[in-house]
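So the chains spell out like this:
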Amino acid sequence: SGGTAWSNVTSATSLNAGTYYMYATVGATADYKAATTAAVAFTIAKANGKVTLSATTGTTTYGTASKTFTVNGNTGGGQLTVSDDNSTATSSISGTTVTIGSLGSLNAATKVVVTVKSAATTNYKEATATYTLTINKASITPTVTMAGYTFAGTKSTPSISGNKGNGTVTYYYS
């Protein structure tokens, strides 16, 4: 005695994950006495949690300060936290928006892997999802200038502006 009738369990979510004990009582009949079984333990395991992101990969351009993505689903409902694998980048979460910051000084081709974790809850296991951000090369728009000169006079020297990356410059004429 002292238990709750199994008929009160109406679905697979009526009881929280954990260990319970099942026993039964058998009513007396004309020929047999009433009896109670020994209790046997049974366990309701935690379900797998799941974190769903708006995307699992993304890109940004060299020099960009930050990038965001969102958490679209958190099946277990656990507290969300974020971390990343880059010592320069910073990752934070506000509500369901994840911001990867301090990207401006990261070189092109750098990858930043952000892990979003949902903490375990009473009924769900911890869950994680990852987002990989790749820093792409930035575009430049260089401009060449060249002053004219007179044949047999002093040759002019071309110059370039807009070479933000200080790439090697080779001049050509046609």
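To keep things clear, this report deals only with the structure shown in the data block. (Residues numbered from 1 in each chain as written. Predicted model: local features only at pLDDT ≥ 70, side-chain atom pairs only at ≥ 80, totals over all residues. Heavy atoms only, no water.)

Details of the packing of aromatic side chains
Right, on to step 1. Tallying each qualifying case throughout the model produces three aromatic pairs.
Right, on to step 2. Taken together, a centroid distance of 5.9 Å and an interplanar angle of 85 degrees make the contact between W6 and F42 edge-to-face. With W6 in the segment before strand 1 (18–22) and F42 in strand 4 (residues 40–44), this pair connects stretches of sequence that are 36 residues apart.
Right, on to step 3. Of the residues examined, W6 reaches a relative accessible area of 47% and is grouped as partly exposed.
Right, on to step 4. A ring pair is formed by F69 and Y131, whose centres lie 4.0 Å apart and whose planes are at 10 degrees; its orientation type is stacked. Of this pair, F69 sits in strand 7 (residues 67–74) while Y131 is found in strand 12 (residues 127–136), placing the two residues 62 residues apart along the sequence. For the pair formed by F69 and Y131, the shared burial category is buried. (Phe/Tyr/Trp six-rings, centres within 6.5 Å; stacked < 30°, edge-to-face > 60°. Helix = DSSP H or I, 4+ residues; strand = E, 2+ residues; numbered from the N terminus. Buried < 20%, exposed > 50% of the residue type's maximum accessible area, 1.4 Å probe, protein only.)

Concerning the pattern of salt bridges
Right, on to step 1. Under the criterion given, the structure shown has one salt bridge.
Right, on to step 2. Close ionic contact of K117 with E126 constitutes a salt bridge, the shortest N to O distance being 3.9 Å.
Right, on to step 3. The class for E126 is partly exposed, based on a relative accessible area of 47%. (Salt bridge = Lys/Arg side-chain N within 4 Å of Asp/Glu carboxyl O.)

Quick word on the layout of surface pockets
Right, on to step 1. Considered as a void within the structure, the largest pocket measures approximately 270 Å³ in volume.
Right, on to step 2. The wall of the largest pocket is formed by G3, T4, A5, W6, V9, L15, Y20, Y21, M22, Y23 and F42.
Right, on to step 3. It is strand 1 that provides the largest number of residues to the lining of the largest pocket, a total of three residues.
Right, on to step 4. In terms of residue class, the lining of the largest pocket is built from nine nonpolar, two polar and no charged.
Right, on to step 5. Forming the boundary of the second largest pocket are V144, M146, P158, Y171, Y172 and Y173.
Right, on to step 6. Here the lining of the second largest pocket is composed, by residue class, of six nonpolar, no polar and no charged. (1 Å grid on protein atoms, 1.4 Å probe; cavity = no way out; pocket = protein on both sides within 12 Å on 5 of 7 lines; lining within 4 Å. Points joined across faces, edges and corners; volume = space filled by probe spheres on them. Nonpolar A, V, L, I, M, F, W, Y, C, P; charged D, E, K, R; others polar.)

Such coordinate-based values are descriptive only and should not be taken to indicate function.
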